[in-house]
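Survey of secondary and tertiary structure
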Amino acid sequence: MKKLAFSLITCWLLSTVVAYSLVHAENHANHPAEHHKHKMEWEAGEKEKVEELLKLGYSKHDIFVALKLSKGANVEVEEILAFHQNSKSWQETATHFGLDPTKVKHHHDWKKHHLYLEKNKDKVMPYLATYLGKEEAELNGYLEDGAKLHTLVKASIVSKLAGVELKEVLMKKQDGQSFRDIAKEYKLEKTDLMMEMKKLKDAIDA
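A brief structural summary. (Residues numbered from 1 in each chain as written. Predicted model: local features only at pLDDT ≥ 70, side-chain atom pairs only at ≥ 80, totals over all residues. Heavy atoms only, no water.)

Time to look at the packing of aromatic side chains. The tally for this structure, following the rule as stated, stands at 2 aromatic pairs. With a centroid separation of 5.8 Å and an interplanar angle of 75 degrees, the aromatic rings of Phe83 and Phe97 are classed as edge-to-face. In this pair, Phe83 is assigned in helix H6 (residues 77–87) and Phe97 in the loop between helix H7 (90–96) and helix H8 (105–119), connecting sequence segments 14 residues apart. Among the residues examined, Phe97 registers a relative accessible area of 15% and is labelled buried. Pairing Tyr127 with Tyr131 gives two aromatic rings, centres 5.5 Å apart and planes at 20 degrees, and the pair type is stacked. In this pair, Tyr127 and Tyr131 both sit in helix H9 (residues 121–132), 4 residues apart, roughly one turn of the helix. Taken individually, Tyr127 and Tyr131 each receive the classification buried, so the pair is uniform in this respect. Across from the ring centre of Tyr131, 5.4 Å away, lies the NZ or CZ of Lys160, which sits over that ring. (Phe/Tyr/Trp six-rings, centres within 6.5 Å; stacked < 30°, edge-to-face > 60°. Helix = DSSP H or I, 4+ residues; strand = E, 2+ residues; numbered from the N terminus. Buried < 20%, exposed > 50% of the residue type's maximum accessible area, 1.4 Å probe, protein only. Lys NZ or Arg CZ within 6 Å of the ring centre and 35° of its normal.)

Bringing helix H11 (residues 149–162) into the picture now. In an α-helix, one full turn covers 3.6 residues, which means residues spaced three or four apart are oriented alike. Between its first and last C-alpha, H11 extends 20 Å over 14 residues, near the 20 Å set by a 1.5 Å rise per residue. The buried fraction of H11 amounts to 11 of the 14 residues, a majority that puts the element mostly inside the structure. Of all the residues in H11, the buried ones are Leu149, His150, Thr151, Leu152, Val153, Lys154, Ala155, Ser156, Ile157, Val158 and Ser159. Just downstream of H11, Gly163 is the residue with a positive phi angle, here 70 degrees. (Expected span 1.5 Å × (residues − 1).)

Of all hydrophobic cores here, the largest spans 31 residues; its most connected members are Leu139, Leu152, Val153, Leu166 and Val169. Sorting the residues of this core by element identifies H8, H9, helix H10 (136–144), H11, helix H12 (166–174), helix H13 (179–185) and helix H14 (190–205) as the ones contributing at least two each. The leading source of residues in this core is H9, at 7 residues. When sequence neighbours within four positions are dropped, the list of residues in contact with Leu166 reads Leu132, Lys134, Leu139, Tyr142, Leu152, Ala155, Ser156 and Ser159. (Core = buried A, V, L, I, M, F, W, Y, C linked by side-chain atoms within 4.5 Å. Contact = heavy atoms within 4.5 Å.)

Two side chains with opposite charge may pair up if their charged atoms get near one another. Under the definition given, this model contains 6 salt bridges. Between Lys49 and Glu52 there is a salt bridge whose closest N-O contact spans 3.8 Å. Pair noted here: Lys49 and Glu52 are both in helix H4 (residues 47–55), with a separation of 3 residues, about one helical turn. According to the relative accessible area criterion, Lys49 is partly exposed, its value standing at 23%. Residue class for Glu52 comes out partly exposed when judged on its relative accessible area of 40%. Between Glu196 and Lys199 there is a salt bridge, with its nearest N and O atoms 3.2 Å apart. Of the two residues, Glu196 and Lys199 both sit in helix H14, 3 residues apart, roughly one turn of that helix. Residue Glu196 is classed as buried on the basis of its relative accessible area of 8%. When its relative accessible area of 39% is taken as the criterion, Lys199 is described as partly exposed. A network of salt bridges, in which partner residues are shared, links Lys49, Glu52 and Glu78. (Salt bridge = Lys/Arg side-chain N within 4 Å of Asp/Glu carboxyl O.)

Looking now at the packing of H4 against H6. Where H4 meets H6, the closest approach of the two axes is 12 Å, and the angle between their N-to-C directions is 30 degrees. Remark: the crossing between H4 and H6 carries right-handed chirality. The residues of H6 that touch H4, namely those facing Lys49, Glu52 and Leu53, are Val77, Glu78 and Leu81. Its residues placed into classes, the contact of H4 with H6 shows 3 nonpolar, no polar and 3 charged. (Axes fitted to C-alpha atoms, helices over the stretch in contact; angles between N-to-C directions. Left-handed = near helix turned anticlockwise from the far one by under 90°. Nonpolar A, V, L, I, M, F, W, Y, C, P; charged D, E, K, R; others polar.)

Quick look at the side chain of Ser178 now. Along the chain, the position of Ser178 falls in the loop between H12 and H13. Owing to a relative accessible area of 11%, Ser178 belongs among the buried residues under this scheme.

It is worth stressing that arrangement in space is one thing and function is another; only the former is reported here.
So, in structure tokens, the structure goes:
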């Protein structure tokens with residue numbers, strides 16, 4: 001079970017590398033609609049609905065996936081969320097509404113890997129502190145200010161490879177830049193990103 005968990009996070013980390021690569025950035029330029037479909041960005045007219053659903057206790061992740069399924073199935077997002085609340089499975093929810101369950105696998109894995117990082121925070125944070133040569137308290141400060149752990153992990157790797165301050169990378173992310181665009185701006189190489197990702201995986205695996 002432990003090996004499976006480590007395999008899962010390895011897959012997530014490597015998939016993040018792919019997202020950073022310049023090859024992916026080029027594909028993104030050629031197929032912008034395809035590469036934007038998994039970004040958690042609300043379309044025009046959705047923000048009010050999102051705020052309403054957040055007040056009802058739904059997570060941003062669940063709302064995002066439900067909105068996508070809602071459009072594909074042409075049913076109200078509340079109906080999608082209600083079914084998922086009972087089924088606890090996005091694949092089952094997609095199938096129930098006549099949609100391809102593989103379309104939501106990305107979101108399912110995304111949530112699982114982020115939760116895995118949170119579960120292993122006691123290993124991740126000391127590693128990042130040593131990796132960046134910073135005090136762990138400073139890194140915890142970013143989390144206290146609202147940064148997510150998975151964002152801190154990605155930003156730390158970009159910071160290390162680009163030779164820039166972590167705060168600078170986090171500010172770019174906060175300003176709305178994607179990690180793909182940030183990595184492209186710093187001209188980061190795929191092989192270097194993969195090497196740093198492997199170091200993190202090995203540290204967690206130790």
